[in-house]
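Chain by chain, the residues run as shown.
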Amino acid sequence: MLLYVCPLCGHVFVNSKKYTRHLMKSHLRNTTMNKRKKKKLYKELLIIKIKEENNVPLTRYEKYLKLKAKLNNIKIE
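Undergrad: Residues and numbers for the environment of K66, please.
TA: For K66, the location among the structural elements is in helix 3 (residues 60–71). Sequence separation of K66 and L45 is 21 residues, and the distance between their C-alpha atoms is 7.0 Å. Excluding residues within four positions of it along the chain, K66 makes contact with L45, I48, E52 and L58.

Undergrad: Quick rundown of the confidence of the model for the chain? Include the residues and the values.
TA: On average, residues of the chain score 85 in pLDDT, and 95% of them are at 70 or above. Per-element confidence in the chain ranges from a low mean pLDDT of 84 for helix 1 (residues 16–28) to a high of 92 for strand 2 (residues 12–13).

Undergrad: Please give an account of unusual backbone geometry that cites residues and values.
TA: Keep in mind that most residues, glycine aside, have a negative phi and that most peptide bonds are trans. One non-glycine residue with positive phi stands out, namely N55, at about 55 degrees. Structurally, N55 is set in the loop between helix 2 (35–53) and helix 3. Residue class for N55 comes out exposed when judged on its relative accessible area of 69%.

Undergrad: Tell me about the pattern of salt bridges, residues and numbers included.
TA: Applying the stated criterion across every chain, the model contains 2 salt bridges. When the shortest N-O distance is used, the salt bridge between K51 and E62 registers 2.8 Å. Of this pair, K51 sits in helix 2 while E62 sits in helix 3, and the two are 11 residues apart along the sequence. Since its relative accessible area comes to 23%, K51 is described here as partly exposed.

Undergrad: Could you give an account of the nonpolar core, with specific residues and numbers?
TA: With 9 residues, the main nonpolar core is built from L28, L41, L45, I48, L58, Y64, L65, A69 and I74. At the level of secondary structure, the elements contributing two or more residues to this core comprise helix 2 and helix 3. Apart from residues lying up to four places away in sequence, L45 is in contact with L65, K66, A69, I74 and I76.

Undergrad: So, helix 1: which residues are in play, and what are the values?
TA: The α-helix advances 3.6 residues per turn, and as a result positions three or four apart in sequence lie on the same side. Buried within helix 1 are the following residues: Y19, H22, L23, H27 and L28. Here the buried residues of helix 1 occupy an arc of 140 degrees about the axis, which is enough to place them on one side. Opposite the buried face of helix 1, at more than 90 degrees from it, the exposed residues are K17, K18, R21 and K25. Against strand 1 (4–5), strand 2 and helix 3 lie the buried residues of helix 1.

Basis of the calculations
- Residues numbered from 1 in each chain as written.
- Predicted model: local features only at pLDDT ≥ 70, side-chain atom pairs only at ≥ 80, totals over all residues.
- Heavy atoms only, no water.
- Helix = DSSP H or I, 4+ residues; strand = E, 2+ residues; numbered from the N terminus.
- Contact = heavy atoms within 4.5 Å.
- pLDDT = per-residue confidence, 0-100.
- Buried < 20%, exposed > 50% of the residue type's maximum accessible area, 1.4 Å probe, protein only.
- Salt bridge = Lys/Arg side-chain N within 4 Å of Asp/Glu carboxyl O.
- Core = buried A, V, L, I, M, F, W, Y, C linked by side-chain atoms within 4.5 Å.
- Arc of directions from axis to C-beta.

Here is the structure:
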């Protein structure tokens, strides 16, 4: 039996459809409206942009933030 485990929170799923639905609803599609957390997100995205320009490899968390920003149409220019 194949099991899917969420790397962010540890939930276990039996099929891939429920796993991907959980990722989209719980972790990727929701951005916070709290000013402090949003400001922190923008700072981290700016660091990610600088790392990408200098060809520095990203950590797993930085890749997650980049994906979350892309899905929520957040752009750093």
